[in-house]
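Inside the fold
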Amino acid sequence: MAAAEAAMAAREEPPGAGAGAGAGAVPGPQQQQPGAVEEPGAMEEPAAMEGAAAMEGAGPAGEAGPAAAADPGAGPGPERPELCFEEEEVQHEEELLRNPFSVRGWLRYAQARQRGPRPRLNQIYERALRELPGSYKLWYQYLRQRRAQVKGRCPSDPAFEEANAVHERALVFMHKMPRIWLDYCQFLAEQGRITRTRRTFDRALRALPITQHRRLWPPYLSFVRRHPLPETAVRVFRRFLKLCPEEAEQYVSYLRSVGRLDEAAQVLARLVNDERFVSRQGKSNYQLWQELCELLSQHPDRVRSLDAGGIIRGGLTRFTDQRGRLWGALADCYVRCGHLEKARDVYEEAVQTVMTVRDFTQVFDSYARFEESVIAALLDTQAQLGQGQDEEVELELRLARFERLMSRRPLLLNSVLLRQNPHNVHEWHKRVALHQGQPDKIIQTFTEAVRTVDPQRATGRPHELWVAFARFYEDNGQLDDARSILSRATRVRFRRVEDLAAVWCEFGELELRHQRHQEALAVLRKATALPSRRAEYFDSSEPVQNRLYKNLRVWAMLADLEESLGTFQSTRSVYERILDLRIATPQIVINYALLLEEHGRFEDSFKAYERGIALFRWPHVGDLWLTYLSKFVARYGGRKLERARDLFEQALDGCPPQHAKTIYLLYARLEEQFGLARRAMAVYERGTRAVPPEQQRDMFHIYIRRAAELFGVTHTRPIYQRAIEVLGDDAARELCLRFADMECKLGEVDRARAIYTYCSQICDPRITGSFWQTWKEFEIRHGNEDTIREMLRIKRSVQATYNTQVNFMASQMLKVSGSATGTVSDLAPGQSGLDEMKLLEQRAEALAAEAQRDTPRPAQQVLFVRAEGAGGSEPPLSLQGNPEEIDLDEEGEEPDEVQLEQRKVPASVFGGLKDD
């Protein structure tokens, strides 16, 4: 039977019952596990159990019920009453008689009697547990039932002690079940039994395996936190941290809540120094350090075991991005300890060592608030106790310190920026400006600046420091010191040649400002002297002193001085050296040529131009060519025509199209003034081909005008024809109108009509209405009925041609209608279901009808010269159904001879031939 009970108990254990259920043997009432009960009086022996069972058998009114006879712990009485069962209990009893080891049967029996008397229910559970003492389900349901029975009663009620005894009996068998321990501990905590609850938690920790301890510690810690027993809680937390050291933040939080800040600081210090610690609350190492610093700085009197100053200073080297806050925490620590002078020393050290503007702002604001608070405290003290001599002196001292601190702020901020980058030239200039009116400080600042700034790593122009230093001495009348400063600056290895050149130029200007012209020339000649070792200008491996001889700024200043103070030969030699070094600019070449021209050296000036032209390419050489050609033509005119032509040809050889127009015009003018008109026309012709398309229009206009002036207007016809072929539609349309107007003036009506006909092919009637209006006016003045009809026919055909170009027509109609959608369907929004091509056809028909309606009908009869036949023999056009009918006066007969108006031939037709 014992083996069967053990097997059934093993099957009834839940999956997470623990290590105690896996042994297969359940200890009986006489077999206690070693260590299960270690405290005296913690558990009652079987005698106590028997007394509890006897109490359970008592009825609610003190009468012995049926359970009294069935209670195994009841003592022998004088008589034993018979058991009485209700009808619904009989089947359960019969089933249990057949199988007394069925846990499910006992549970069904207890469930059926759930609403019955509590003693009867307890008797059923006791009987079940006598048969199955190792059943977890039975014990769990029984204990829950016993706790529910005493819920709401006074904690001093004996029923609580009975329930506790039942829990102790259960733990004899269920001491490996964490759920039983947790429920029991919670039950004891609700009774207010603090010591017994703590001891029960300790027994549970000893009884359960360590893998189950994580289920016990949260309620245990919650229990000790609820009661004002800090010493007990601290010891419990220390035991807990041995198992879960990662939960140290809970311990720190509890220590801070109970005021044990010294131990909290110690724990935080261990956490900060432990690189392997990972915060469960997601805090970084810096955040933990910040908590420690706040603890040390705000409670220095309560944290005695740690060196607050040493810890915070260690953070200054470890967390460099938070130095401002850490400096403030360190000073605050000294202020709270009453060491005001130490706090002031800390602030002074902070403002002179921080590296960022943000940290400086934090420290300076804290420093200013500290001084204000000290002054306010002194004022309050004097107001309460009166003002003595010593107090007044101390107050004045404090006020003077505060004023000096506020006045030092710009200088301290500048020091922060210079600590960030000591090679920042601009900040050094600002520092000098802050010492305005203090010559000693200015000299000291300049000296420190030129010693500190490394020209190779400088931000800004490092030579400006030397120049400003020299000008300071110059402004104070110490010229020798200024020259020595600039002389030292010329030996500095700057990063760029321009910096050294600026120093030499400043040296020369210094001498010029004090009327020492020869010394200025000597300085610049020394600067431009050839070094012992020549180097390329952009060779950064060589010092700038070896590359200065190719700097144009120094040479240009020397040339200006030589031109103003030196001789012609010395100035010419300077320009020649500039050209030899190939560092000249077009302006330098022009200046040299003008200098030679002023001294009558015209050929030498032309040679200078040619040397300069050889140095440059287009487009930089353009100004040289234009100046050279203008000067040459102005000098020789037509005396050296062939040489001038060669120069122009050389200038045009390789000239970009955008720069060719001016040269061609100068070339053509040369030929007009000193050469042949035919060659001038050839030059204009070449110019129209060489210039870019956007300049061809202007070039053709000039070409036509000059041709008309030289050879007459008839010579412009081939020019017009070629221009119309070459230019774009807009420019060609304009030239066609001018061409036709010229032919009209010459009386060539047929030529003009042919021009209009040709131009009509590029004129859409819907866009270029001005052209068609001009042609119509021309036909009215010079045409007849047939020419009018032909013009209208051409207009319709051109319009039909443009109508067949769908994309073009759509874009043009959109342009006219002002639509921005760009789709054909937008032309007729009310007919979105029609075909797009049909819409375009309808629109084209509407435009054609509109053009017919726009045909002007003269208010009076206009007589035309008919092309052929007699007017009286032809039927009127109205009978033919012509919508464009012109009403002619047919009453009178056509005259036999047409009287033509005689006009003089314009003189422009003959050009230069009329004078001959």
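Please read all numbers here as calculations on a predicted model, not as lab measurements.

**Re the overall build of the protein**
When helices and strands are tallied, the protein shows 43 helices and zero strands. In the protein, which comprises 916 residues, the proportion classed as buried is 42%. Within the protein, residue pairs in contact and separated by at least 24 positions form 56% of the contacts whose partners lie at least 6 positions apart. A total accessible area of about 50,300 Å² is found for the protein, and carbon and sulfur atoms account for 50% of it.

**Side note on the confidence of the model for the protein**
This prediction gives the protein a mean pLDDT of 78; 78% of its residues lie at or above 70. Here residues 1-81 scores under 50 on pLDDT; set against residues more than four positions off or in separate chains, the count is 84 contacts.

**Structural notes on helix 36 (residues 693-711)**
In this model, helix 36 (19 residues) spans 26 Å end to end at C-alpha, consistent with the 27 Å of a helix rising 1.5 Å per residue. Residues of helix 36 that are buried: Gln695, Gln696, Met699, Phe700, His701, Ile702, Tyr703, Ile704, Arg706 and Ala707. The inward-facing, buried residues of helix 36 abut helix 34 (660-674), helix 35 (677-690), helix 37 (717-726) and helix 38 (729-745).

**What about a positive patch on the surface?**
Residues Arg451, Arg488, Arg491 and Lys526 make up a contiguous surface patch of positive charge. One can find Arg488 in helix 25 (residues 479-489).

**Here we look at helix 7 (residues 136-149)**
Between its first and last C-alpha atoms helix 7 spans 20 Å; for 14 residues at 1.5 Å apiece the expected length is 20 Å, and the two agree. Within helix 7 the residues assigned to the buried category are Tyr136, Leu138, Trp139, Tyr142, Leu143, Gln145, Arg146, Arg147 and Gln149.

**Side note on the environment of Arg304**
For Arg304, the position within the fold is in the loop between helix 15 (285-298) and helix 16 (308-318). For Arg304, a relative accessible area of 65% gives the class exposed. As a C-alpha pair, Arg304 and Leu261 span 43 residues in sequence and 9.5 Å in three-dimensional space.

**Re the packing of helix 6 (residues 118-131) against helix 7**
For the pair helix 6 and helix 7, interaxial distance at closest approach is 10 Å and the crossing angle is 155°. With respect to their mutual orientation, helix 6 and helix 7 come out roughly antiparallel. Along this stretch, helix 6 crosses helix 7, giving a crossing that reads as left-handed. Taken together, the residues of helix 7 that come into contact with helix 6 (itself represented by Arg118, Leu121, Asn122, Tyr125, Glu126, Ala128 and Leu129) are Leu138, Trp139, Gln141, Tyr142, Gln145, Arg146 and Gln149. Grouping the constituent residues of the contact of helix 6 with helix 7 by class yields seven nonpolar, four polar and three charged.

**Section: the packing of aromatic side chains**
With the rule as written, the count across this model stands at 37 aromatic pairs. Judged by centre distance (5.4 Å) and plane angle (20°), the rings of Tyr609 and Tyr628 are stacked. Linking Tyr609 in helix 31 (residues 602-615) with Tyr628 in helix 32 (residues 622-636), this pair joins segments that are 19 residues apart in sequence. Taken together, the ring pairs in this structure connect Phe606, Tyr609, Trp625, Tyr628, Phe632 and Tyr636 into an aromatic cluster. In this arrangement the basic side chain of Arg635 is found over the ring face of Phe602, its NZ or CZ atom lying 3.9 Å from the centre. A cation over an aromatic ring shows up here: Arg635 above the ring of Tyr636, its NZ or CZ 5.8 Å from the ring centre.

**Details of the environment of Ile663**
Secondary-structure assignment places Ile663 in helix 34. Separated by 37 residues in sequence, Ile663 and Leu626 place their C-alpha atoms 7.1 Å apart. Setting aside residues up to four positions removed in sequence, Ile663 forms contacts with Trp618, Leu626, Leu629, Phe648, Ala651, Leu652 and Cys655.

**What about unusual backbone geometry?**
Cis geometry is found at the peptide bond from Trp618 to Pro619, where omega equals 5°. Here Pro619 is to be found in the loop between helix 31 and helix 32. Notably, Gln515 is not glycine yet its phi reads approximately 60°, a positive angle. Its place among the elements puts Gln515 in the loop between helix 26 (497-513) and helix 27 (517-527). The backbone of Arg582 sits at a positive phi, close to 60°, despite the residue not being glycine.

**Re the nonpolar core**
Judged by nonpolar contacts, the single largest core of 125 residues is most densely connected at Leu548, Ile578, Leu624, Tyr628, Trp772 and Trp775. Excluding residues within four positions of it along the chain, Tyr628 makes contact with Phe606, Tyr609, Glu610, Ile613, Arg643 and Leu647. Among the nonpolar cores identified, the runner-up in size contains 102 residues, and Ala110, Leu216, Trp327 and Phe360 belong to it.

**A few points about the pattern of salt bridges**
Oppositely charged side chains can pair when the atoms bearing their charge come close. The tally for this structure, following the rule as stated, stands at 70 salt bridges. A salt bridge links Arg611 to Asp580, with the shortest nitrogen-to-oxygen separation between them at 2.9 Å. Placement of Arg611 in helix 31 and of Asp580 in helix 29 (residues 568-580) is noted, with a sequence separation of 31 residues between them. Take Arg611: its relative accessible area is 31%, and that puts it in the partly exposed class. Salt-bridge contacts for Glu734 lead to Arg697; the nearest nitrogen and oxygen are separated by 2.1 Å. Here Glu734, found in helix 38, pairs with Arg697, found in helix 36; they are 37 residues apart in sequence, far enough to count as distant. Owing to a relative accessible area of 35%, Arg697 belongs among the partly exposed residues under this scheme. Salt bridges here are not isolated pairs; linked through shared partners, they connect Glu341, Arg344, Glu371, Glu394, Arg398 and Arg401.

**Structural notes on the packing of helix 21 (residues 409-420) against helix 22 (residues 425-434)**
The N-to-C vectors of helix 21 and helix 22 enclose an angle of 160°; their axes lie 10 Å apart at closest approach. As far as their axial angle goes, helix 22 and helix 21 are roughly antiparallel. Helix 22 is crossed by helix 21, and the crossing has left-handed handedness. In this structure, helix 21 uses Pro410, Leu411, Asn414, Ser415, Leu417 and Leu418 to contact helix 22, whose residues at the interface are Glu427, Trp428, Lys430, Arg431 and Leu434.

**Observations regarding the environment of Glu671**
Inspection of the secondary structure assignment puts Glu671 in helix 34. The buried category is assigned to Glu671, whose relative accessible area is 0%. Sequence separation of Glu671 and Gly638 is 33 residues, and the distance between their C-alpha atoms is 8.9 Å. Once residues lying within four places of it in the same chain are set aside, the contact partners of Glu671 are Arg645, Leu676, Arg679, Ala680 and Val683.

Calculation criteria
- Residues numbered from 1 in each chain as written.
- Predicted model: local features only at pLDDT ≥ 70, side-chain atom pairs only at ≥ 80, totals over all residues.
- Heavy atoms only, no water.
- Helix = DSSP H or I, 4+ residues; strand = E, 2+ residues; numbered from the N terminus.
- Buried < 20%, exposed > 50% of the residue type's maximum accessible area, 1.4 Å probe, protein only.
- Contact = heavy atoms within 4.5 Å.
- Areas by Shrake-Rupley, 256 points an atom, 1.4 Å probe, with all protein chains shown as cover.
- pLDDT = per-residue confidence, 0-100.
- Expected span 1.5 Å × (residues − 1).
- Patch = residues over 30% accessible without salt bridge, like charges linked within 9 Å, V, L, I, M, F, W, Y side chains within 5 Å.
- Salt bridge = Lys/Arg side-chain N within 4 Å of Asp/Glu carboxyl O.
- Lys, Arg positive; Asp, Glu negative; His and termini not counted.
- Charge placed at Lys NZ, Arg CZ, Asp CG, Glu CD.
- Axes fitted to C-alpha atoms, helices over the stretch in contact; angles between N-to-C directions.
- Parallel < 35°, antiparallel > 145°, perpendicular 65-115°, else oblique.
- Left-handed = near helix turned anticlockwise from the far one by under 90°.
- Nonpolar A, V, L, I, M, F, W, Y, C, P; charged D, E, K, R; others polar.
- Phe/Tyr/Trp six-rings, centres within 6.5 Å; stacked < 30°, edge-to-face > 60°.
- Lys NZ or Arg CZ within 6 Å of the ring centre and 35° of its normal.
- Core = buried A, V, L, I, M, F, W, Y, C linked by side-chain atoms within 4.5 Å.

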